[in-house]
Each structure stands twice: as C-alpha cells, then as structure tokens.
Protein chains: 2
Amino acid sequence: MSVLRMEAQRHRASHSPHISLDDQALATYRNQVTVGDSIALMEKLPAGSVDVIFADPPYNLQLQGALQRPDQSDVDAVDDAWDQFDSFAAYDAFTSAWLLAARRILKPNGTLWVIGSYHNIFRVGASLQDLGYWVLNDVVWRKTNPMPNFKGRRFANAHETLIWAARSEAGKKYTFNYDALKAANDDVQMRSDWTLPICTGGERLKDDDGNKVHPTQKPEALLARVLLASTKPGDLVLDPFFGTGTTGAVAKKLGRDFIGFEREHAYADAARARIEAVEPVPDAAQSMLQGKRAQPRVPFNALLEAGYIMPGEELVDGRGRHSALVRADGTLASGDHEGSIHKVGALVEDQQACNGWTFWHTKRDGNLVLIDDYRAEIRKKAV
Amino acid sequence: MSVLRMEAQRHRASHSPHISLDDQALATYRNQVTVGDSIALMEKLPAGSVDVIFADPPYNLQLQGALQRPDQSDVDAVDDAWDQFDSFAAYDAFTSAWLLAARRILKPNGTLWVIGSYHNIFRVGASLQDLGYWVLNDVVWRKTNPMPNFKGRRFANAHETLIWAARSEAGKKYTFNYDALKAANDDVQMRSDWTLPICTGGERLKDDDGNKVHPTQKPEALLARVLLASTKPGDLVLDPFFGTGTTGAVAKKLGRDFIGFEREHAYADAARARIEAVEPVPDAAQSMLQGKRAQPRVPFNALLEAGYIMPGEELVDGRGRHSALVRADGTLASGDHEGSIHKVGALVEDQQACNGWTFWHTKRDGNLVLIDDYRAEIRKKAV
DNA sequence: ACGTCTTCTGAATCTCGGG
DNA sequence: GCCCGAGATTCAGAAGACG
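A brief look at the structure comes next. Not measured: the values here are computed from a predicted model.

### Here's the deal with the side chain of Asp51 of chain B
All names here are of chain B.
- As for its placement among the helices and strands, Asp51 is situated in strand S2 (residues 50-55).
- In this structure the side chain of Asp51 is engaged in a polar contact, spanning 2.9 Å, whose partner is the side chain of Lys107.
- Other than its neighbours up to four places away in sequence, Asp51 contacts Leu106, Lys107, Gly110, Thr111, Asp235 and Leu236.

### Observations concerning the environment of Ile39 of chain B
- Examined against the element boundaries, Ile39 of chain B turns out to sit in helix H3 (residues 38-42).
- If sequence neighbours within four positions are ignored, Ile39 of chain B has contacts with Phe94, Ala97, Trp98 and Ala101 of chain B.

### Quick notes on the packing of helix H5 (residues 121-130) of chain A against helix H5 (residues 121-130) of chain B
- One way to put it is that H5 of chain A packs onto H5 of chain B with a least axis distance of 8 Å and a crossing angle of 120°. Relative to H5 of chain B, H5 of chain A is oriented oblique. Considering how the two elements wind past one another, H5 of chain A and H5 of chain B form a crossing that is left-handed. On H5 of chain B, the residues that touch Ile121, Phe122, Arg123, Gly125, Ala126, Gln129 and Asp130 of chain A of H5 of chain A are Ile121, Phe122, Arg123, Gly125, Ala126, Gln129 and Asp130 of chain B.

### Section: helix H2 (residues 21-29) of chain A
- Turning to H2 of chain A, its buried residues are Ala25, Leu26, Ala27 and Tyr29 of chain A.
- Just downstream of H2 of chain A, Asn31 of chain A is the residue with a positive phi angle, here 55°.

### Digging into the protein's contact with DNA strand C
All names here are of chain A.
- Around DNA strand C sit 41 residues in total, of which Gln62, Arg69, Tyr118, Lys151 and Lys212 are the nearest.
- The sugar-phosphate backbone supplies 49% of the atoms of DNA strand C found within 4 Å of the protein.
- Pro57 places a main-chain nitrogen or oxygen 3.1 Å from a base nitrogen of DNA strand C.
- Note that a base nitrogen of DNA strand C is positioned 3.1 Å from one of the backbone N or O atoms of Pro146.
- Taken together, the residues that form the surface near DNA strand C break down as 19 nonpolar, eight polar and 14 charged.

### So, empty space enclosed by the protein
- Inspection of the entire model under this criterion finds one cavity of 30 Å³ or more.
- In this model, the largest cavity occupies a volume close to 40 Å³.
- Looking at the largest cavity, the residues that line it are Ile121, Phe122, Asp138 and Thr161 of chain A together with Ile121, Phe122, Asp138 and Thr161 of chain B.
- Those elements that provide at least two residues to the lining of the largest cavity are H5 of chain A together with H5 of chain B.
- When grouped by side-chain class, the residues that make up the lining of the largest cavity number four nonpolar, two polar and two charged.

Reading the values: rules and limits
Residues numbered from 1 in each chain as written. Chains lettered and ligands numbered in written order. Predicted model: local features only at pLDDT ≥ 70, side-chain atom pairs only at ≥ 80, totals over all residues. Heavy atoms only, no water. Helix = DSSP H or I, 4+ residues; strand = E, 2+ residues; numbered from the N terminus. Polar contact = N/O pair within 3.5 Å; in protein donor to acceptor, adjacent residues only side chain to side chain. Contact = heavy atoms within 4.5 Å. Axes fitted to C-alpha atoms, helices over the stretch in contact; angles between N-to-C directions. Parallel < 35°, antiparallel > 145°, perpendicular 65-115°, else oblique. Left-handed = near helix turned anticlockwise from the far one by under 90°. Buried < 20%, exposed > 50% of the residue type's maximum accessible area, 1.4 Å probe, protein only. Near = heavy atom within 4 Å. Nonpolar A, V, L, I, M, F, W, Y, C, P; charged D, E, K, R; others polar. 1 Å grid on protein atoms, 1.4 Å probe; cavity = no way out; pocket = protein on both sides within 12 Å on 5 of 7 lines; lining within 4 Å. Points joined across faces, edges and corners; volume = space filled by probe spheres on them.

What follows is the structure, encoded as structure tokens:
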C-alpha cells in the first residue's frame, strides 16, 4: 500500500461517520508498529479481519550454561527475558492464549504461520490443533549456513520448522498461489523444504556499536516465500511478535498491508525505521523467490545408501598400490589407518591431503571404477 | 548377532536355572518378531533393558482400531470441532501410553526415535516432553522423490520428521557416533536434515499380486543412519510398531540385536521372511570409527616414564612465544605459573582452557615435535 | 584494484570420568 | 548426588586486513 493510500484510509477512519468502529480499529493499526502485549492488542481488532498471521513466538530455548566454540570464543546466547518460561505448562498457557486470540481475528479462509524449533514447535502444533486450526503443511527451513554443533554431541541443528494452518478445516478457500510458486521454482511445484541462508550481512540490523539489534532476526527471503505463497497483493498480514519487522518490510515491498505488535520499544523503533526505508518494488516477487540452485553435496555415505558400494567391499587406488575396507558406517580402514575416504587416502599416500573421490576405485568385473563416477550418477538423479 | 549365538542364548534362557527371569524375558523376544499389542508386550520386558527404541507409530486418526473411543464406539468422521478434539484426545492417550511403556524399558542412557508427519508428530513431541524425555534433535528426512501434491492446493509434502530424544535430561551419556558420521559425510559434521529417497524398487516388499505389503515401508538407508548414529554393534534395538521389519533387517545387517512387536500377523510374517534373508555385513566392516573421546587416557607423566621427555627439559608452543619447564613430577612451570600441561597452557595464553597435548612441543634437532605425537606412540604400543 | 589470508559470528536445550 | 580437573570440540559466509 502506498503512503498516500495509507493516509487516505486513516483520514477516512477518523473523520467519516460512515466508517464502522471495526474499520476504525483496523485503520488505527494498519501498516503501523504498535508497542504492547500481543494478546491484549489482538483483542482490540475486529473478528475475522486479517488474511494471514505470521508468528515468530519465543522458542523457550531453556539454555543451560555458557557455550564456547572450539577456539574458546563465547557464543552469544539468546538469554533475553522474553524467552524465559517457568515450565512447559507456562509456555503452553501462553501459546494457547495467543493462538486463540489470533484465531478470532483471522478471516474464515485465513491462514496462520508459526515458526519454531524442537524446543517449542511440538507444543505450538499440538495447541493449534486442539484449538481447531487445520494444518495444511509443515515446512522446513533448511539453513545453508547454520551454527555448527560445537561439542559434537548432537546433529547440527540445521533447520527450523514452520507450521502453516487454516483457521479451521472448513476454511478450504484459503489463498495458495500454486502456479506462481511453481513458475518461480523452475516449473517444479514448491516443496515443503526450503533451502535459504540465515540472516547475515547487510540485511542484519546492527546498532551504532555494530551489535545485532535482535538476536533472532529472520531472513527476508523466508518471509517473501510465506507471503507470496499465501497472500494476494493488498492482503492484510498480522505479525504479533514483530521484533525488528521483517514481516512488515517484506509486506511493504510486496504490496501487502501489515499490522505489527511488539512488546519491546527498542525493537519497534528499529522496525519502524527499517520499514520506512523500504521501497515497494513492482517486480520484487520474482527476484525474492529465486532460490539458489547449488550443486547438491553428495557425501561418501550416499554411495552406500544408494547401493553403489557395499559394506565389506574393498577400494583400491588407481595404481593398485593401496587398498582399503569399506565399513558399514561409511568410513574406510586400511592397516592401522581409519577415517574418511580423504583422510585414509592421505594416510596411505603419506600426504597432507587427498581427494578421496578421485583416488579410490571399486573393482567391477575386473575393471576399476572411480568412486567419483558413482557420485556423478547420484547427482544426476537428484537434480 | 549370529544365528548360532541366538540359539545358544535362547537355549540358556530356557534351561539354565542361573539365568534370571529378566534375562529369560529378554531372550524370548531378542531377534524375534512377536505378534501382539505393543504396550502389553513392552510391559513384559524388564525395566532398563533396551539401548534404543525406534518407533513408526500409526497416525491415521480415523482408521486405526486403537483409536476407538473408550466405550469402543468408532470415532465418527464428522468434522466438527468437538469430534476433532475427541479424536486427538484418543490419539494422545494412545501416544502417552506407549511412550510411557517405552520409557520404562529404556536404559538410563538409552534414546528413542519416533518418525511422523504433521498429522501426529506434534502430539508425539509434546507427549514425550511431558513424560520427561529430553529432545536431542528433530531430524528432517528430505525425500528426493516425494509424491507430488496432485491438487495443487498445498506444498508438496516432501519430508517427514524424526524426533531423537534421551530417556531423560540426566541421560547425558547416550551413544552418538559423531566421528563416524562426520567421516562418512566427507569430514563435515552430520546435520539435522537427511536427504534420502523413499523406499521403492527391489527394496519395497510386494505380495504375489505385486501389491505393496505395507503402505508406509521405510527405506533401509534411513534406519541405517539411525542405528549407525545412536547404537554400537551388539546393542539391542526395540521397534514396537515393527511393520514389515525394516528396523530388524537393518539391525541384523549391521550386527545389532532387535526386538520386534507387531499387531498384524501378515506384516510379522513378511518381516520374518525378510529378516531371515538378510546377510550381516562382515565383522570387520561392522567396527566403527572411534573418536578421540573413546581412546584410552594417557597421563602426561607417561611420557616422562617412557623416556620421550626428560625432567628439566623445556617445552614451547607452536609459535615459540611461550616456554615451560618440565618438572620431575609431571607438572610444568612457566614464570609464576605452574600446574598441568593444560593449566599452564591456559595461563600463559590467558585463556579459559587449553588442550596441552596440542599446544606444547619439544625441541628435537632444531625441530618442534608436538607432545601429542608421543601420546599417539604410547597408545599404539599399548594395543 | 585484486586476490588471499584472517577474524568474526549465527534461535544452542553442546564433555566426561574419577573421587 | 556433587565437585574437580583433564582435554575435546565448528561450518559457511561476510567483512576486514594485508600485500
């Protein structure tokens, strides 16, 4: 919505006797960032007035002590007060309350998005099902550059989960721009897993000291997919945990209206300044949707999983001077040496490094087959 | 476990008075597929007897007999909110019941895997958190070849979610083969998103008419990753919803023991035949890459005792910025600082911590030799 | 200007054995 | 259960430093 349209609407709302109280309430908050408690503010909005709600609620991370990287530097933890809850019960009560308030103001065919991690997303998902929302998809945001697991005790937490739900099972006429998404995705229908980098670089809001303004700012590309998938131009999008306003910035860029509720003045101020600077671009949709088509990484264990190589098989180098046993865990063993295809290659050759892909071969019908050839085949299939 | 070992164990269990009742119960079910109700069967197993549980529970709310109302009446397929809540409640009761039974038989440091989709995974996740399980990761199985969304009204459902949880927050010594996974993944740590094809082709069990035996047979590669990540060879893995026995087939192939519980005779029969045909990988290929944490500890003193380092000698760091005197008692002294190789390393570097093994060097013929190299030699001899 | 090397950082429930 | 001390642990990408 243009600034002119915004002004005109607010003018009507406050001056015309023909405008209902409901419309006035909506106009008060439309394209504004309002500081306050989300639930109390949502209760001021008329029922059935919002097309889409995007919510990035506190995750209830329950972090224990400090965490250090292997180089001894400190990890900047999300230790803010707003993420602290006494118990799962307290978190559930909070979750049900805001989901209930959100449901009242959603249009009958409106949809809700919530993002979370394993700390909270099961609570959120169960709550919204209990309240009558109808899950349409869970969507996985795969991070290209997640924070690693520094202590090597778990899988690297490389994704977050979004739930996309209709207001109710009856709300079957929700907006889903299937064809636009498909066209932007090289004519393949959009899947439930989205591969996107986290928010860094120039997009990340920093204060004067160079510190990040918000600990969990989401990338605009993520919000762009959400809005382009589930809203039409001119639709009204509410974000009850507005933070630094990624939802508002993307909404403005894509010609959608937004309502932002945020408890912290500092975040709200940053969001206002940020959105003010956003220029709506007519063709933003196309550019924002294009995902990167990186060559998929195929690790050695994919060859075992695909059946190209069997555990217990022997690999040899091109000149037949070295051999190694393929173990079921996807590692090699050769004499005293064990490790990845690269490490064992380096060890048997007594070199610092070795590209195992172009070093090791299988024996097939008396011929040597480079394992890199299998990788190429897997890549071909994976597209 | 070999067939011979299996037979021997069952023989002992039934004939020797020295075998406890608990051991007898375990031996009865070990490497067997047992038909019956999972919960009732789990209650027959001794507490704390299972290393890992993998569960692929039913989630179809309407069609499962287990999900009848308490009065045995069928849940009606009407879609009003009350009935929805009713069926969720029934599903939650079922979920809590099997998760509780599973938790009793898990070893204190055992872990649980559950796989599901957005229909049920939020219920499962919330339930297991409520019961005291401690979530370690949620893992996303990205399907390379998912079924498309035919109606074009949602995103293609291209993934399923696994939850990996410890029995409790206290169970910190769960098995996680970090180093093996990393080596098999081209020396990059394994992430929480796994890209694998669905179960098709020759792996998919078909009946005589060419129809698939089980509607949701999981790929063996998925189970292989689960077991390679969280079990050791010889561990005992329970699958309470065994289906056509992917868990058992992979367990046998990788040298793990399994217990399979399945309600349907047809699935159990198919699973038995399938597992019977499985050939375990050779023993040598079953051994897994062990990381540094698994290696025996070598005190610094051992280097002095073995004559690699002499008391009175000087150690230096790699960049030649610090030096320390080796004292006869195996401690270092550097300026005002004294203590272990680690403590003095940290003190001279003004860091919180330091791995002395990879910090200090001896000077030999003008070259620096890392003291960790001496440790490696001692470890090699100790074998 | 250009390429290379170094430094920094991101929603994180992040060690383990012995006394 | 607690406390203490040994010693193990990171990937991608942006930005800055340096030659």
